[in-house]
Amino acid sequence: MEIKYTIQGLLIYIAIVAYVLAFVTTLLRRRKIAHLLYIFGSVIAVLSFGYRWYAVRHVPLQNLFEVFLCLGMIYPVSLFCRRILRVGGYSADMLIGATVLFPAGFVFNAQPQKLPPALQSWLFAPHVAVYMLSYIFMAKATYQACLQLAGRQHQFPRSGGSCQQKGGSDQKNENWCCPNPDENLLSPEQSTYQMIRVGFVLLTLGLVLGSWWGKLAWGDYWGWDPKELWSLASWLVYVGYFHFRYMFGKKHARINSFWAIAGMVVIVITLLWVNLSRIFGGLHSYAT
Amino acid sequence: MNKFKRTVMWAALTLVILLIFLSIYGAFIGAERASNFFNSLPLAVYWLAFIVLLIVGLAAFRRLVRVPGLLLIHIGCIGILAGSMWGSEAGHKLQKRLFGIDKIRKGRMIISESERDNHVALENNNQIRELPFSIELKDFRIEYYKPQYLQIRTRQGRSWRIPVEIGTEFPLGDDFGTVTILRAFENFKIRIEDGENVFFDDPQPGFNPALEVQIESPGGEVVTKYVFERFGGHTHPEDKFLLSYHRTISDYVSELQIIENDKVVAEKDIEVNHPLHYGGYHFYQHSYDDQAGQYTILMVVSDTGIAVVFAGYWMLCIGVFWHLWLRGILAGIKSEKQIDGN
Ligand code: HEM
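Residues numbered from 1 in each chain as written. Chains lettered and ligands numbered in written order. Predicted model: local features only at pLDDT ≥ 70, side-chain atom pairs only at ≥ 80, totals over all residues. Heavy atoms only, no water.

Section: the overall build of chain B
For clarity, the cut-off: A run of H or I in DSSP becomes a helix once it reaches four residues, and a run of E becomes a strand once it reaches two; helices and strands are each numbered from the N terminus. Radius of gyration here is computed from C-alpha atoms only, and the compact-globule reference equals 2.2 Å multiplied by the residue count raised to the power 0.38. A simple rule labels every residue: compare its accessible area, found with a 1.4 Å probe on the protein chains alone, to the largest value its type can have, and call it buried under 20%, exposed over 50%, or partly exposed in between. Only heavy atoms enter the contact rule, under which two residues are in contact if any of them lie within 4.5 Å.
Along its length, chain B carries seven helices and 17 strands. For chain B, whose C-alpha radius of gyration is 30 Å, the value lies well above the compact-globule estimate of 20 Å for 342 residues. Seen through its principal axes, chain B has C-alpha atoms that stretch 95 × 65 × 40 Å. Every one of the 342 residues in chain B was classed for burial, and the buried ones make up 43%. In chain B, of all internal contacts separated by at least 6 residues, the share reaching a separation of at least 24 is 51%.

So, in structure tokens, the structure goes:
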């Protein structure tokens, strides 16, 4: 655990605090304030990412510090999911934002690095960026799957939990920035499917771009190395999810949810394998 | 869903789940063993079964053929599997037996500067095979990020990172004086002339990057030091500073020419991420002579099956985009139009 006494570190810590405060405020049902805090945290997260970009002079997606920094800019995804896809989960997104920024702030080394020759490819940025975006969607899918397992039929209680406005007025329908408890959101089971539909396209693109890049850089589009195999496993879990859901529909909704959660578990291992493989000393990994 | 369709789906699910576990197993045994494992005979049977099942699925489920996105996804998967089996070691052997096509699957070439060669050391058994054309290495070079740096540390832990700018005086503060980099060498050598050491940059083959550094203490005492990139850490106990010379490699470049019947038929400066494609092979910048920078090591890979695999990738990507995104977007636009119309 290392504290970063730098502008970069400060920006990360402010964003984490804003996200956590936003979450707590949501629990206190002050949804408007929570929402503003969430936007504020996200703006700081974007600033932090931009600051890093300026400092290293290349798209900052080279190491785990930068990747987690990127994941912290979660707000646009929340907004898109809610407004366009009718999938809620704002409060969970605030926690996801704080959780992914935590390792960037306290665990991973932020020493800037020059791009080694292998990373100097136009495929580098899109490959990592689509993966990160897909991971956010899959994280949201996992949250919805957990809601489904917890027995929730809707993502928001139909009554209560209104938008707290100064002066006591309730402007549910006019106020765009405040999540509306009466919004017609999808059920958790449908939301999980919706999130995986979006995330899977990005996951496939990430896998294919990575493979293409491997072909250009190392001569093999598939090298069977541990990171590749974990990423294949996570992709296959979602392939399994689609086919299982096609076979049974919502009959075994709980098993559908388990598939989604299993996908996220494998994604986390994929993302952290290089580090985990050091913990499991002796295991062969290209990073050791 | 009838019984047959249900059986097909269960079989598909079983193969997918099996592959998840095999991939995780592969991740634990390391890339080399995993590669052998996934190319073994039992796995070849598995891959074939997967292809057959995809074809059976396409035949059994009319929607898989009728819905364009689903068709692209599943045919794309067949393409990827079939293309990679065709391009594998076993695939190459089969092609030799069936069609007499005798291509090298994968190997390495070592070529010295200004020389040409067509010998390839095979990756799997180190046998030497010949290409039907030769490759000439005009030049090999390593490129570095600029600026390069001289790192200075005191025994108390203070440190400075000084950009290598010849002749520029760099102040270290009142307590430590100044540092000036006087010369940079690519291939540092010493000769003795009239009993004196003469330090010079040797144009002959060799690789010994170094810096000539002048340190002036606050009292005006001047010392000259030589700092070597490849032999860092030489200090005397009385030395106040620990010096090291760092350069970060930005690229490896091999200037290649392909020679066929004594004529130059292709030419390219290959770098990491920019291979050369000629005569059914890709040539990659793989490694180099790290002692003298006099030769390059190329990786030679057959291009058999690649086109099919990449066509499969395209189909898969377009298919998932079409089926999982585009249909939803179009449905959304349609329903919005209907609401507007009402
Ligand atoms: C192993 C043989 C396979 C069979 C027999 C099979 C069969 C099917 C069937 C019957 C459907 C449902 C079509 C419908 O909506 O009516 C389907 C959907 C789908 N399959 Fe496969 N499939 C196989 C392998 C794969 C693989 C390897 C992938 C990898 C990308 C894949 C990706 C998909 C996707 C993305 C869907 C759409 C899911 C949805 O709309 O919710 N399938 N497959």
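Side note on the sheet that holds strand 12 (residues 241-246) of chain B
Residue and element names in this part refer to chain B. The following threshold applies: At least two DSSP bridges between two strands are needed for those strands to be called paired. Structural elements are reduced to axes, namely lines fitted to C-alpha atoms, with helices fitted over the stretch in contact, and the angle between N-to-C directions of any two is expressed from 0 to 180 degrees.
Strand order in the open sheet formed by three strands is 5-4-12, with antiparallel pairing between adjacent strands. On the outer flanks of this sheet lie strand 5 (159-163) and strand 12, each paired with one strand and no other. Strand-to-strand, the axes of this sheet are offset by a mean angle of 20°, without reference to chain direction. Relative to strand 12, strand 4 (residues 149-154) runs antiparallel, the two sharing six bridges. Across the sheet, the residue bridging to Arg153 is Leu242, located in strand 12.

Thoughts on the packing of aromatic side chains
All names here are of chain A. Note the threshold: Centres within 6.5 Å make a pair out of two Phe, Tyr or Trp rings, where for Trp the six-membered ring is used; the pair is then stacked when the planes are under 30 degrees apart, edge-to-face when over 60, and tilted otherwise.
This structure, assessed with the given rule, holds 47 aromatic pairs over all chains. Ring geometry for Tyr38 and Tyr75: centres 5.0 Å apart, planes at 85°, overall edge-to-face. Of the two residues, Tyr38 is situated in helix 2 (residues 31-56) and Tyr75 in helix 4 (residues 75-83); the sequence distance between them amounts to 37 residues. Taking relative accessible area as the criterion, Tyr38 reaches 0% and is therefore assigned buried.

With respect to the site of the ligand
This is how it is decided: Near residues are defined by distance, with any heavy atom within 4 Å of the molecule or strand qualifying the residue. Side-chain atoms alone can form a polar contact between residues adjacent in sequence; in general such a contact is a pair of N or O atoms within 3.5 Å, and within protein one must be able to donate a hydrogen while the other accepts it.
Around the ligand, the surrounding shell holds 22 residues, and the nearest of these are Tyr193(A), His243(A), Arg63(B), His74(B) and His323(B). The local environment of the ligand is shared, drawing residues from chains A and B. At 2.6 Å from an oxygen atom of the ligand is found a side-chain nitrogen or oxygen belonging to Tyr193(A). Within the side chain of Arg63(B), a nitrogen or oxygen atom sits 2.4 Å from an oxygen atom of the ligand. Of all the secondary-structure elements, those providing two or more residues to the shell around the ligand are helix 8 (226-248) of chain A together with helix 1 (3-29), helix 3 (41-60), helix 4 (62-66), helix 5 (68-86) and helix 7 (306-341) of chain B.

Considering the pattern of salt bridges
Residues and elements named next belong to chain B. The following threshold applies: Whenever Lys or Arg places a side-chain nitrogen within 4 Å of a carboxyl oxygen from Asp or Glu, that contact is recorded as a salt bridge.
Evaluated as defined, the whole model comprises 19 salt bridges over all chains. Note that Asp303 is salt-bridged to Lys103, the shortest N-O span being 2.9 Å. Placement of Asp303 in the loop between strand 17 (295-302) and helix 7 and of Lys103 in the loop between helix 6 (89-99) and strand 1 (106-112) is noted, with a sequence separation of 200 residues between them. Among the salt bridges present, the one from Glu136 reaches Lys138, with a minimum N-O distance of 3.6 Å. By relative accessible area, which is 41% here, Lys138 ends up partly exposed.

Focus: the coordination of the iron atom of the ligand
For clarity, the cut-off: Listed donors are limited to N, O and S atoms within 2.8 Å of the metal, widened to 3.2 Å for Na, K and Ca; water is not among them, so incomplete-looking sites are possible. Tetrahedral means four donors with every angle between 85 and 135 degrees, whereas square planar (four donors) and octahedral (six donors) require angles over 155 degrees between opposite donors and between 65 and 115 for all others; sites fitting neither are termed irregular.
Ligation of the iron atom of the ligand by protein atoms is provided by His243(A) (NE2) and His74(B) (NE2), these donors lying 1.9 to 2.0 Å from the ion. Here the iron atom of the ligand is ringed by six donor atoms whose angles at the metal span 87 to 178°, and the overall shape comes out octahedral. Here the residue His243(A) occupies a position in helix 8, and His74(B) occupies one in helix 5, the pair thus bridging two chains.

Some points on the confidence of the model for chain B
Residues and elements named next belong to chain B. Here is the rule we go by: For every residue, the predictor states its confidence as a pLDDT score lying anywhere from 0 to 100.
Per-residue pLDDT for chain B averages 92, and the proportion of residues at 70 or more is 98%. By mean pLDDT, strand 12 is the weakest element of chain B at 88, and helix 5 is the strongest at 98. We note a pTM of 0.88 for the whole complex and an ipTM of 0.89 for its interfaces.

A word on the layout of surface pockets
The cut-off we apply is this: Only protein atoms enter the calculation, which uses a 1 Å grid: trapped sets of points that fit a 1.4 Å probe without letting it out are cavities, open sets showing protein on both sides within 12 Å along at least five of seven lines are pockets, and any residue with an atom within 4 Å of a point is a lining residue. Grid points are joined across faces, edges and corners, and a volume is the space filled by probe spheres set on the points. Under the grouping applied here, Gly and all other residues not named as nonpolar or charged are polar, the nonpolar ones being Ala, Val, Leu, Ile, Met, Phe, Trp, Tyr, Cys and Pro and the charged ones Asp, Glu, Lys and Arg.
When its volume is computed, the second largest pocket comes out at roughly 740 Å³. Lining the second largest pocket are 21 residues, and of these Ile84(A), Leu85(A), Gln194(A), Gly328(B) and Gly332(B) sit closest to its centre. Of all the secondary structure elements, the ones that give two or more residues to the lining of the second largest pocket are helix 4 and helix 7 (188-218) of chain A together with helix 7 of chain B. Considering each element in turn, the lining of the second largest pocket owes the most residues, nine residues, to helix 7 of chain B. Classifying every residue of the lining of the second largest pocket by side-chain character gives eleven nonpolar, five polar and five charged.

Concerning the sheet that holds strand 6 (residues 169-171) of chain B
All names here are of chain B. Read from one edge of the open sheet, four strands run 6-7-10-11, paired in antiparallel fashion. With one partner strand each, in any of the chains shown, strand 6 and strand 11 (222-228) form the two edges of the open sheet. Each strand axis lies, on average, 25° off the axis of its neighbour in the sheet, ignoring direction. Pairing of strand 6 with strand 7 (residues 178-185), which is carried by three bridges, proceeds in the antiparallel orientation. Each bridged residue has a counterpart across the sheet, and for Phe170 the counterpart in strand 7 is Val179.

Considerations on helix 4 of chain A
Residue and element names in this part refer to chain A. Under the convention used in this document: Taking the helix axis as origin, the arc is that swept by the directions to the C-beta atoms.
For helix 4, every residue scored as buried is listed here: Tyr75, Val77, Ser78, Cys81 and Arg82. Here the buried residues of helix 4 occupy an arc of 160° about the axis, which is enough to place them on one side. Among the exposed residues of helix 4, those oriented more than 90 degrees off its buried face are Pro76 and Arg83. Each element contacted by the buried residues of helix 4 is listed here: helix 2, helix 5 (90-106), helix 6 (124-149) and helix 7.

Looking at the nonpolar core
Basically, it comes down to this: Residues grouped as a nonpolar core are buried Ala, Val, Leu, Ile, Met, Phe, Trp, Tyr and Cys residues, joined through side-chain atoms within 4.5 Å.
Within the largest apolar cluster, 130 residues are counted, with the highest numbers of intra-cluster contacts made by Phe68(A), Met132(A), Phe200(A), Trp235(A) and Phe38(B). Looking at this core element by element, the count peaks at 14 residues for helix 8 of chain A. Setting aside residues up to four positions removed in sequence, Phe68(A) forms contacts with Val100(A), Leu101(A), Pro103(A), Ala104(A), Phe108(A), Leu271(A) and Leu272(A). Counting residues in hydrophobic clusters, the runner-up holds 26 residues, among them Ile111(B), Phe140(B), Tyr144(B) and Phe283(B).

Looking at the domain arrangement of chain B
How we decide: Source of the domain bounds: an automatic or database domain assignment.
We note that the domain assignment places domain 1 (3-96 + 305-341), domain 2 (107-138 + 253-301) and domain 3 (146-247) within chain B. Once you take the C-alpha centre of each, domain 1 of chain B and domain 2 of chain B turn out to be 35 Å apart.

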